[in-house]
Amino acid sequence: MTLLNAALQGVFLGAFYAVLACGLSIMFGVMRIINLAHGDIAVFGAYVVFVIVEHTGVSAFVAFAAALPVMVVLGYLLQLTVLERSLKGGILTPLLATFGLSIVIQNLLQLTFSPDVRSLGGSAGALTTASWQVTGGLSVSALGIVVLVVAVLVFGALQLFLSRTRFGWMMRATAEDADAAELVGINSRHVYASATALAVATAALGGFFLAIRSVFDPVSGPTQLIFAFEAVVIGGMGSLWGTLLGGIALGVAQTLGAQVHPQFSVMAGHLLFLVVLIARYGGGRIALRVAR
Amino acid sequence: MRVARWTRTSKLFTGGTAAVAVALACVPLVFESDLVQKLTTLLILVLLAAMWNALAGYGGLLSVGQQAFIGIGAYGTVFFADHGVTPYLAMVLATLLAGAISLPISLFALRLRAAQFAIGMWVIAEVMSIIVRLDQNLGAGTGISLIQMNQYEPNFRQAYTFWLALAFTVIFLVALFLLLRSPLGASLQAIRDDEDAARSLGVRVAARKRLLFVLAGFGCGAAGVLVVANTLFIEPGSVFSVQWSAYMIFMVLVGGLGTFEGPIIGAILLFAIQTTFTQGGPWYLVGLGATAALFALALPRGLWGTVEERLGLRLLPVGYRVVEAKGEERAA
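Remember, predicted model here, so these are calculated numbers, not experimental data. (Residues numbered from 1 in each chain as written. Chains lettered and ligands numbered in written order. Predicted model: local features only at pLDDT ≥ 70, side-chain atom pairs only at ≥ 80, totals over all residues. Heavy atoms only, no water.)

Caption draft 1: A look at the interface of chain A and chain B. Between chain A and chain B, the residue contacts involve 40 residues of the former and 39 residues of the latter. Interface area, chain A with chain B, both sides summed: about 3600 Å², of which 85% is carbon and sulfur. On the chain A side of the interface with chain B, the three residues burying the most area are Leu92(A), Leu96(A) and Phe99(A), jointly 17% of the side's total. Counting the contacts that link chain A with chain B gives zero salt bridges. One can count one residue pair in polar contact (both at pLDDT 80 or more) joining chain A with chain B. (Contact = heavy atoms within 4.5 Å. Buried area = accessible area lost by both parts, 1.4 Å probe. Salt bridge = Lys/Arg side-chain N within 4 Å of Asp/Glu carboxyl O. Polar contact = N/O pair within 3.5 Å; in protein donor to acceptor, adjacent residues only side chain to side chain.)

Caption draft 2: Spotlight on the pairing of strand β2 (residues 138-141) of chain A. All names here are of chain A. Where strand β1 (residues 131-134) meets β2, four bridges bridge the pair, whose relative direction is antiparallel. Counted as the bridge partner of Trp-132 is Val-140 from β2. Connecting β1 to the antiparallel partner β2 that follows it, the hairpin turn spans three residues, and Gly-136 within it adopts a positive phi of roughly 40°. (Pairing = 2+ DSSP bridges. Helix = DSSP H or I, 4+ residues; strand = E, 2+ residues; numbered from the N terminus.)

Caption draft 3: Broad picture of the pattern of salt bridges. By the definition in use, this model includes five salt bridges over all chains. Salt-bridge contacts for Arg189(A) lead to Glu84(A); the nearest nitrogen and oxygen are separated by 2.8 Å. With Arg189(A) in helix α8 (residues 188-213) and Glu84(A) in helix α3 (residues 60-87), the pair connects residues that are 105 residues apart, well separated along the chain. Residue classification places Glu84(A) among the buried residues on the basis of a relative accessible area of 17%. Linking Lys209(B) and Glu195(B) is a salt bridge whose minimum nitrogen-to-oxygen distance equals 3.2 Å. Here Lys209(B), found in helix α10 (residues 205-231), pairs with Glu195(B), found in helix α9 (residues 195-200); they are 14 residues apart in sequence, far enough to count as distant. Note on accessibility: Lys209(B) and Glu195(B) belong to one class, buried. (Buried < 20%, exposed > 50% of the residue type's maximum accessible area, 1.4 Å probe, protein only.)

Caption draft 4: Summary view of the nonpolar core. Within the largest apolar cluster, 202 residues are counted, with the highest numbers of intra-cluster contacts made by Ile34(A), Phe216(A), Phe229(A), Leu48(B), Phe213(B) and Met251(B). Of all the elements, helix α3 (residues 33-59) of chain B adds the most residues to this core, at 17 residues. With near-sequence residues (within four places) excluded, Ile34(A) lies in contact with Leu24(A), Phe28(A), Leu95(A), Thr98(A), Phe229(A), Met237(A), Ala115(B) and Ile119(B). (Core = buried A, V, L, I, M, F, W, Y, C linked by side-chain atoms within 4.5 Å.)

Caption draft 5: Just a negative patch on the surface, in detail. Residue and element names in this part refer to chain A. There is a patch of like negative charges on the surface, built from Glu-176, Asp-177, Asp-179 and Glu-182. Mapped onto the elements of the fold, Glu-182 is located in helix α7 (residues 178-183). Judged by its relative accessible area of 39%, Glu-182 falls in the partly exposed class. (Patch = residues over 30% accessible without salt bridge, like charges linked within 9 Å, V, L, I, M, F, W, Y side chains within 5 Å. Areas by Shrake-Rupley, 256 points an atom, 1.4 Å probe, with all protein chains shown as cover. Lys, Arg positive; Asp, Glu negative; His and termini not counted. Charge placed at Lys NZ, Arg CZ, Asp CG, Glu CD.)

Caption draft 6: The arrangement of α3(A) in detail. Bending of α3(A) peaks at approximately 40° at the position of Gln79(A). Between the side-chain oxygen at the start of α3(A) and the backbone nitrogen of Phe61(A) there is a gap of 3.1 Å, and the oxygen is on Ser59(A). (Bend = angle between axes of the 7 residues up to and from the residue.)

Caption draft 7: Looking closely at the packing of aromatic side chains. Considering all chains together, one arrives at 23 aromatic pairs over all chains under this definition. Considering the side-chain rings of Tyr47(A) and Phe216(A), the 4.9 Å spacing of their centres and the 80° angle between planes classify their relative orientation as edge-to-face. Taken as a pair, Tyr47(A) in helix α2 (residues 38-56) and Phe216(A) in the loop between α8 and α9 (221-235) lie far apart in primary sequence, 169 residues in all. Each member of the pair, Tyr47(A) together with Phe216(A), is buried. Look at Phe69(B) and Phe213(B): their rings are 5.9 Å apart centre to centre, the planes differ by 85°, and that puts the pair in the edge-to-face class. Here Phe213(B) lies in helix α10 and Phe69(B) lies in helix α4 (residues 67-82), a separation of 144 residues in the sequence. (Phe/Tyr/Trp six-rings, centres within 6.5 Å; stacked < 30°, edge-to-face > 60°.)

Caption draft 8: Structural view of a nonpolar patch on the surface. All names here are of chain B. Among the surface-exposed residues, Leu-29, Val-30, Phe-31, Leu-35, Phe-156, Tyr-160 and Trp-163 lie close enough to one another that they form a single nonpolar patch of about 710 Å² accessible area. Secondary-structure elements contributing two or more residues to the nonpolar patch are α2 (27-30) and α7 (154-181). It is α7 that contributes the most residues to the nonpolar patch, three residues altogether. The topology assignment puts Tyr-160 in helix α7.

Caption draft 9: Region of the structure containing the side chain of Glu195(B). Accessibility expressed as a relative area gives 16% for Glu195(B), which makes it buried. Other than its neighbours up to four places away in sequence, Glu195(B) contacts Arg113(B), Ala190(B), Val205(B) and Lys209(B).

Caption draft 10: View of empty space enclosed by the protein. If you walk through the whole model with that rule in mind, you get three cavities of 30 Å³ or more. In this structure, the second largest cavity encloses a volume near 60 Å³. Lining the second largest cavity are Phe99(A), Gly100(A), Ile103(A), Gln243(B), Ala246(B), Tyr247(B), Phe250(B), Leu285(B), Leu288(B), Gly289(B) and Ala292(B). Contributing elements (two or more residues each) for the lining of the second largest cavity: α4 (93-113) of chain A together with α12 (243-255) and α14 (281-298) of chain B. Tallied by class, residues from the lining of the second largest cavity come to eight nonpolar, three polar and no charged. (1 Å grid on protein atoms, 1.4 Å probe; cavity = no way out; pocket = protein on both sides within 12 Å on 5 of 7 lines; lining within 4 Å. Points joined across faces, edges and corners; volume = space filled by probe spheres on them. Nonpolar A, V, L, I, M, F, W, Y, C, P; charged D, E, K, R; others polar.)

Caption draft 11: Inspection of unusual backbone geometry at higher detail. Residues and elements named next belong to chain A. One non-glycine residue, Ser-114, adopts positive backbone phi at about 65°. Note that Ser-114 resides in the loop between α4 and β1. Looking at Ser-114, the relative accessible area reads 23%, which means it is partly exposed.

Caption draft 12: Fine view of the packing of α12(B) against helix α13 (residues 262-276) of chain B. All names here are of chain B. Two elements in contact, α12 and α13, have axes whose closest approach is 7 Å; the angle formed by their N-to-C orientations is 120°. One element, α12, and the other, α13, form an angle in the oblique class. Of the two elements, α12 crosses α13, and the hand of that crossing is right-handed. Contacts between α12 and α13 involve Tyr-247, Phe-250, Met-251, Val-252, Val-254 and Gly-255 from the first element and Gly-262, Pro-263, Gly-266, Ala-267, Leu-269, Leu-270, Ile-273 and Gln-274 from the second. Tallied by class, the residues present in the contact of α12 with α13 amount to 10 nonpolar, four polar and no charged. (Axes fitted to C-alpha atoms, helices over the stretch in contact; angles between N-to-C directions. Parallel < 35°, antiparallel > 145°, perpendicular 65-115°, else oblique. Left-handed = near helix turned anticlockwise from the far one by under 90°.)

Caption draft 13: Broad picture of the confidence of the model for chain A. This prediction gives chain A a mean pLDDT of 89; 96% of its residues lie at or above 70. A low-confidence stretch, residues 284-292 of chain A stays under pLDDT 50, and its non-local contacts, those more than four residues away or across chains, total 23 contacts. (pLDDT = per-residue confidence, 0-100.)

Caption draft 14: Summary view of the side chain of Arg181(B). Residue and element names in this part refer to chain B. By the element assignment, Arg-181 lies in helix α7. Although buried, Arg-181 forms no salt bridge, and the nearest oppositely charged side chain, Glu-261, lies 9.5 Å from it. Setting aside its immediate chain neighbours within four residues, Arg-181 contacts Arg-5, Trp-6, Pro-317 and Val-318.

Caption draft 15: Quick peek at the confidence of the model for chain B. All names here are of chain B. With 95% of its residues at a pLDDT of 70 or more, chain B has an overall mean of 86. Strand β5 (residues 329-330) is the least confidently modelled element of chain B, averaging 49 in pLDDT, while α4 averages 94, the highest of any element. The low-confidence segment residues 327-332 (pLDDT under 50) makes 16 contacts with residues lying over four places distant or belonging to another chain.

Here it is, written out as structure tokens:
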């Protein structure tokens, strides 16, 4: 029963990783780039919510709703200022540029907010503490359910957006072939920037969940990036639903690993990631867009 | 018209570099130990920059996980010393260990490309960090001292460590220099310029990349050995820190990715910055990160790459150039 409960907690944890990973998956799907500052952007989002809560005293959920438009605009600008330029370099340029950006964000956060560990758990109301004991040993927390439901909604909405809306078609067309999309009148700059804005918004949602589930500090970003990337790879790069499943697989691996030894939790996730990475991409089959 | 490698400038400069190495060897005999320790730090940076450049600049392999080998070098030294090996012999063994471990890692890491390779290496470094944290004999998460170094009188210890650092740096730089100048080197530079084109011409890209990866494994292991020899204390949080990758990326990007001289210049620059802003702190790191990103976007060939391109200057020649009959030169 403890194993079953551990697996259940892993599903809740994994839903959180899936939300973190969602933006990474979008950007890889549309632009074939991995943003190494993704985790730091998520943590930045958590700080934006934190600042709003500190100054207005509203609940964390209201503060997140206020922070979201800010993050969307920042994401759009990130594409126009940094990423667009990096796409014109070789395949290593986006990695180098976003790695530099990651260091900048971490240390600016350090300067602004000190290295103290923070949490938004207190300002999220009773939700963070409520939980139910289901028959024998299984426990379900309200927050776990919320994160899982939100994760499914986010992925479902993205799926509908990409398959049913005109702008979603434009995004898929641009992902398929940006030059051909330009020929039929699609503004690929705007599509790319919108994809990044969407990615940054979901990263902020991930950062918000991090802040109400546990604690964060200015250097929490790299760990979140690693978990998010692991979720994307385990689920299959470029597949949206895959990322949700990949996140859950990672979460379950971590909670089951913790049953073996508390220190083995993160390790189990890393090992699952490495095995999948080698099995899936080891053959060099992955199609990478050559530098344009 | 003929093809030449050396010019008068490059001959003078290469000779000058060798003379600098000899002069450096005399430093511990003349100057006090504070300077010796600082120069050891500089040599570690030069070594790290050269190795990261060998990977990224020539192999197109962007690793964010070379700290894995720095950690193996550092912890390997402590491990061998704890098992009764003389400290300086333990350091050589730990370097060999890092190089040996890089071979099996290369078997799967090199099948990955771009972001998969970068983050895959990072995760490998994290896994090693966790393994060390689980091992009480290696001090677990709290770190461990290389107490066996107490048997040496501090001034001598610093001098020995400096000489070891100089020896490692010279060995690895000369090895890389000779490698790049050999027929193998021509294929490496072809991979740097266009991997697909090189492959289509019959270059065995995978084998060449493995060579660079193992060389960088040895080199970063050697750097880790020097870190523990220079500071005498290590902990997993700092020796396996991704900050090492940040330093390497900064030095190579600013100096000049894919040039031989660039990373050395980048290392000297980083060293100068570190000694100027001794407080370190977030602003200094904000500057490093922003500079690295700007160079990647705006000046991808770095300082030296740009100078080389504009002036046709080669100081430590690893390529060839076309020389016109009357002695008028043009970059190849």
